[in-house]
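The primary structure of each chain is shown beneath.
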Amino acid sequence: MSELSDSSAQERSFRSLRAGLVSSNSPSYITMLRVRLLISVLLLAVLSAASWKRNTVYADAVTLWRDATLKSPNKARTHNNLGLMLKERGRLPEAMQEFERAVELQPVNAFALNNLATLYCGIGRREECAALLRKAVLIKPDYLEARYNLAMYYYEKGLFSEALREYEAIVQIDPSSKEAAFARPMIADLQNQKAKRR
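Description of the structure in this document. What you are looking at is a predicted structure, and each value in this text was computed from that prediction instead of being measured.

Brief notes about the nonpolar core
Right, so step 1: Counting 41 residues, the largest nonpolar core has Leu116, Tyr120, Leu132, Leu150, Tyr167 and Ile170 as the members making the most contacts within it.
Right, so step 2: At the level of elements, helix H4 (76–88), helix H5 (92–105), helix H6 (110–122), helix H7 (126–139), helix H8 (144–157), helix H9 (160–173) and helix H10 (178–197) are the ones that each hand at least two residues to this core.
Right, so step 3: Beyond its immediate sequence surroundings of up to four residues, Leu150 is in contact with Ala130, Leu133, Arg134, Val137 and Glu166.

Right, dumping it as structure tokens:
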């Protein structure tokens, strides 16, 4: 019988304890809710402001990559990607600086070499362009864009056998690539020219 009265007493004390903690009429409970609500609202405001500020960085690709170069100034990839975005917007002197910085940081970055080379070719620095393209192809022989640009350089320079070699390599490396599609008519043209010279 004493066991039953002990369990009843425990049940009553648990009920009164729960009632004290969960009572919605209790001033301490209402104060606790207000504090929690205030903390939640403040946290939401802080996170919203941080998101809004960060979204200004993501609003534009140039801004995004400029932010990345500021945070990682010694990474070639960030400078190369910023250069691409600047080039896309016609801001060529700034793009060239970023590509040059990328090559300075990572001289074996075939993508940065190719990007810098195309700008050099565009402003008449053709020998520097060719040297960069040859280096890019040497570093990454399957980099078709650099190989195609090198073939075009050779073609425009009148170095037809070198151009033919590069165009044929493109088709051999990846016959289904867009570069191979552009290379095939050039190969046919160069082979016709070669046949006429005989």
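A look at the pattern of salt bridges
Right, so step 1: Counted under the stated rule, the structure contains twelve salt bridges.
Right, so step 2: For Glu88, the salt bridge is made with Arg89, and the minimal N-O distance between the two is 3.6 Å.
Right, so step 3: Residue Glu88 is classed as exposed on the basis of its relative accessible area of 60%.
Right, so step 4: Accessibility expressed as a relative area gives 37% for Arg89, which makes it partly exposed.
Right, so step 5: Residues joined in a network through salt bridges with shared partners are Asp60, Glu88 and Arg89.

With respect to H6
Right, so step 1: Helix length check: H6, at 13 residues, gives a terminal C-alpha distance of 18 Å against a target of 18 Å (1.5 Å per residue), a fit within 8%.
Right, so step 2: Every buried residue of H6 is accounted for by Ala110, Ala112, Leu113, Asn114, Asn115, Leu116, Ala117, Leu119 and Tyr120.
Right, so step 3: Turning to H6, the residues buried within the fold contact H4, H5, H7 and H8.
Right, so step 4: Measuring from the backbone nitrogen of Phe111 back to the side-chain oxygen at the start of H6 gives 3.1 Å, which picks out Asn109 as the cap.
Right, so step 5: One or two positions beyond H6, positive phi appears at Gly124, with a value near 90°.

Some points on the packing of aromatic side chains
Any two aromatic rings considered together are summarised by their centre-to-centre distance and by the angle between their planes.
Right, so step 1: Inspection of the entire model under this criterion finds five aromatic pairs.
Right, so step 2: Ring geometry for Tyr148 against Phe182: centres 6.2 Å apart, planes inclined by 50°, an arrangement best described as tilted. With Tyr148 in helix H8 and Phe182 in helix H10, this residue pair connects regions lying 34 residues apart in the sequence.
Right, so step 3: The rings of Tyr148, Tyr167 and Phe182 are connected pair by pair, giving a single aromatic cluster.
Right, so step 4: Sitting above the plane of the Tyr120 ring, Arg125 keeps its charged end 3.9 Å from the centroid.

What about the state of the cysteines?
Right, so step 1: Evaluation of the coordinates by the stated rule reveals one disulfide.
Right, so step 2: Here Cys121 is linked by a disulfide to Cys129, with a sulfur-sulfur distance of 1.8 Å. Disulfide Cys121-Cys129: torsion about the S-S bond near -80°, hence left-handed.
Right, so step 3: On the basis of relative accessible area, Cys129 is assigned to the buried category, the value being 1%.

Comments concerning the environment of Tyr153
Right, so step 1: With respect to the helices and strands, the residue Tyr153 is situated in helix H8.
Right, so step 2: Separated by 20 residues in sequence, Tyr153 and Leu133 place their C-alpha atoms 9.1 Å apart.
Right, so step 3: With residues up to four places along the chain from it excluded, the contact list for Tyr153 reads Arg126, Glu127, Ala130 and Arg134.

Observations concerning the side chain of Arg147
Right, so step 1: Relative to the assigned elements, Arg147 resides in helix H8.
Right, so step 2: Within the local environment of Arg147, its side chain forms a polar contact with the backbone oxygen of Pro141, the two atoms lying 3.0 Å apart.
Right, so step 3: For Arg147, the contacting residues outside a window of four places in its chain are Val137, Pro141, Glu166, Ala169, Ile170 and Ile173.

Thresholds, definitions, all that
- Residues numbered from 1 in each chain as written.
- Predicted model: local features only at pLDDT ≥ 70, side-chain atom pairs only at ≥ 80, totals over all residues.
- Heavy atoms only, no water.
- Core = buried A, V, L, I, M, F, W, Y, C linked by side-chain atoms within 4.5 Å.
- Buried < 20%, exposed > 50% of the residue type's maximum accessible area, 1.4 Å probe, protein only.
- Helix = DSSP H or I, 4+ residues; strand = E, 2+ residues; numbered from the N terminus.
- Contact = heavy atoms within 4.5 Å.
- Salt bridge = Lys/Arg side-chain N within 4 Å of Asp/Glu carboxyl O.
- Expected span 1.5 Å × (residues − 1).
- Polar contact = N/O pair within 3.5 Å; in protein donor to acceptor, adjacent residues only side chain to side chain.
- Phe/Tyr/Trp six-rings, centres within 6.5 Å; stacked < 30°, edge-to-face > 60°.
- Lys NZ or Arg CZ within 6 Å of the ring centre and 35° of its normal.
- Disulfide = S-S within 2.5 Å.

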